[in-house]
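Take a look at the letters that make up each chain.
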Amino acid sequence: MQGESDRQRELLDVESVAGHLLEPGSVFALLAEHRDRLFPSELFADLFPTGRGRPSIPGEVIASVIVLQALYGHSDREAVDALTFDLRWKAACGYAIDKPGFDPSTLTYWRRRLAASNRPQRIFEVVREVITETGAVAGKQRRALDSTILDDAVARQDTVTQLIAQIRRVGREVPGAKDLITEHCTRLAALTGQDYHSTGKPPIAWDDPAARAELVSALVGDALALLAVLDVEAITKTGGKPADAVALLALVAGQDVEPAEDSDGTDGRWRIARKTAPDRVISTVDPDTRHAHKTRERRQDGFKAHVVVEPDTGLTTVCALTKTNGPANSDATVGAELVTADSTLATDQQVEVLGDSAYATGDMLHTLDGKKWLPLLKPWPLRPTVEGGFTLDDFRYDPDADALTCPAGITRKRSAKGTVTFGAACRGCPLRQRCTTSASGRTVLIGEHHQLQREHRKRAADDGFQADYRQHRPMVERSIAWLTRGARRVPYRGVEKNNNWLHHRVAALNLRRLLAMGLTMTDGAWALA
């Protein structure tokens, strides 16, 4: 059952004794005075559908600890220690000086309940309701989109480590698999003398390519042998951790390897693949983490945090954490979903959406055009196929005829696959040297939303567009800096847990920002001074 806070103050209540020492305008002072209004017991009523059992920690206390924990980047144990020994935390949560904190596992228990509920981001939503009530973003028509890479909480694993770890995991999760591993996964022990009871890397001559290839062959052979003797279909149908373990073993056994040279794979000879799988799992400890390339020079492993920010105030109105790769997780795809779901925007409001070139895709422009919103998105620069030659905008496009006219005046229609082929028309063309080096002539690929992109590039060349972009777009970097300061590494494993953490982190930062803007309670309503 849900616990309730005792409104009658104790003799050694911190707020009564030393509340005047709290810094005015701090998150501590806000929670000390208004935590019950921010996080009332009814906010968490659905998490405790029955009135039976031992009372839990009051929801307003847990929510306050979660906010402070996200704000200061504490682990569960560090957060409980702060609640026990830091008078500011005690005042914020309504604790007496001599009252001990709770067990750190209580935070894990509450996060699980929140994650399994219909409103896993309710703490973030409460703070966003405060933003709406204060009118901090009312009538503000701009939203800036951006993303940043957050490092994962695990170490990257190579192919050998992943295979060993996952075979061991199948042995733990699948009933009876441990005996099957002992009976059928014997290649590793025969080669190195080390079986799957050991967690370390096998003792081989690691500087010898042939020895490494033999080890990879042994590990892949053991993995395939284990999958062959397991009832994979029945395990998959049952679901749960056993199914996840078997599926991940099959994935890591195939993503990084290929048959050895002059082998078709049936002779048991394998090698590390000469290419990288598009959606490569880099750790069996956290299968959701991925390689990330925010720039060519900067490479990270982790997740991508997406934010929608009101640039004048720096308040984040929507956010999400995703994997770093794949079309569904691209900046433009996620950005379009988030900004169109921003509840702080009025239905009929004219909106300017700011973002860098990662957001200026045809699909994004199409989405904004459907909402009648103005895209202030930096377009991708057009690169000619011949240095100093013609770009795509030097070709005239007729949307009614769906045809393209080259600089020499030749017109061709777009094919069903989106290509415009000039072919033989390029022979003897006096402009060919500035257009193409292909022997078969120029071929141009026209996207589905080519006209929107063309019009957007033209609009982006306007001085007014560039002035607005330069003035308002960089402000989102400030919010990204607040988000990542002291929190570049996520604390948990998996997209779901870290997405919930991101919402808690953003909620805490929004509260702090609102306080800096003069957040007060006036006549029972939130307002800005």
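Use the structure listed above.
Cut-offs and rules
- Residues numbered from 1 in each chain as written.
- Predicted model: local features only at pLDDT ≥ 70, side-chain atom pairs only at ≥ 80, totals over all residues.
- Heavy atoms only, no water.
- Axes fitted to C-alpha atoms, helices over the stretch in contact; angles between N-to-C directions.
- Helix = DSSP H or I, 4+ residues; strand = E, 2+ residues; numbered from the N terminus.
- Parallel < 35°, antiparallel > 145°, perpendicular 65-115°, else oblique.
- Left-handed = near helix turned anticlockwise from the far one by under 90°.
- Contact = heavy atoms within 4.5 Å.
- Nonpolar A, V, L, I, M, F, W, Y, C, P; charged D, E, K, R; others polar.
- Phe/Tyr/Trp six-rings, centres within 6.5 Å; stacked < 30°, edge-to-face > 60°.
- Buried < 20%, exposed > 50% of the residue type's maximum accessible area, 1.4 Å probe, protein only.
- Salt bridge = Lys/Arg side-chain N within 4 Å of Asp/Glu carboxyl O.
- Expected span 1.5 Å × (residues − 1).

Novice: Would you explain the packing of helix α7 (residues 122-134) against helix α19 (residues 495-516) in this entry?
Specialist: How two helices pack is summed up by the angle between their axes together with the distance between the axes. Two elements in contact, α7 and α19, have axes whose closest approach is 8 Å; the angle formed by their N-to-C orientations is 30 degrees. The angle between α7 and α19 falls in the class roughly parallel. At the point where α7 passes α19, the crossing takes the left-handed sense. Here Ile123, Phe124, Val127, Val130, Ile131 and Thr134 of α7 come into contact with α19, specifically with His503, His504, Val506, Ala507, Asn510, Leu511 and Leu514. Grouping the amino acids of the contact of α7 with α19 by side-chain chemistry returns nine nonpolar, four polar and no charged.

Novice: Just checking my understanding: could you explain the packing of aromatic side chains for this structure?
Specialist: Describing an aromatic ring pair means giving the distance of the ring centres and the angle of the ring planes. In total, this model carries four aromatic pairs according to the counting rule given. Ring centres of Phe28 and Tyr72 lie 5.7 Å apart, and the angle between their planes is 20 degrees; this geometry places the pair in the stacked category. A residue pair is termed long-range when its members are at least 10 positions apart, and Phe28 in helix α2 (residues 27-38) and Tyr72 in helix α3 (residues 59-72) qualify at 44 residues. On the accessibility criterion, Tyr72 (40% relative accessible area) is partly exposed. On the basis of an interplanar angle of 50 degrees and a centroid distance of 5.8 Å, the ring pair of Phe395 and Phe422 is categorised as tilted. Of the two residues, Phe395 sits in the loop between β8 (374-377) and β9 (396-398) while Phe422 sits in the loop between β12 (419-421) and β13 (443-445), which places them 27 residues apart along the sequence.

Novice: In this structure, what is going on with the pattern of salt bridges? I would like to understand it.
Specialist: A side chain of one charge can pair with a side chain of the opposite charge when the charged atoms of the two come close. Counting across every chain of the model gives 17 salt bridges. By sharing partners, the salt bridges in this structure join Asp146, Asp356, Arg473 and Glu477 into a single network.

Novice: Help me out: how do you make sense of α19 in this one?
Specialist: The end-to-end C-alpha distance of α19, which contains 22 residues, comes to 31 Å, matching closely the 32 Å that a straight helix rising 1.5 Å per residue would cover. For α19, a buried count of 16 out of 22 residues is recorded, marking the element as mostly surrounded by other parts of the structure. Gly518 lies just past α19 and shows a positive phi near 100 degrees.

Novice: Explain unusual backbone geometry to me, please; I cannot follow it from the model alone.
Specialist: Most peptide bonds adopt trans geometry, and most residues besides glycine take a negative phi value. Not every positive phi belongs to a glycine, and Lys372 is a case in point at roughly 60 degrees. The exposure class of Lys372 is exposed, given its relative accessible area of 59%. One non-glycine residue, Asp402, lies in positive phi territory at about 50 degrees. Under the relative-accessibility criterion, Asp402 is labelled partly exposed at 22%.

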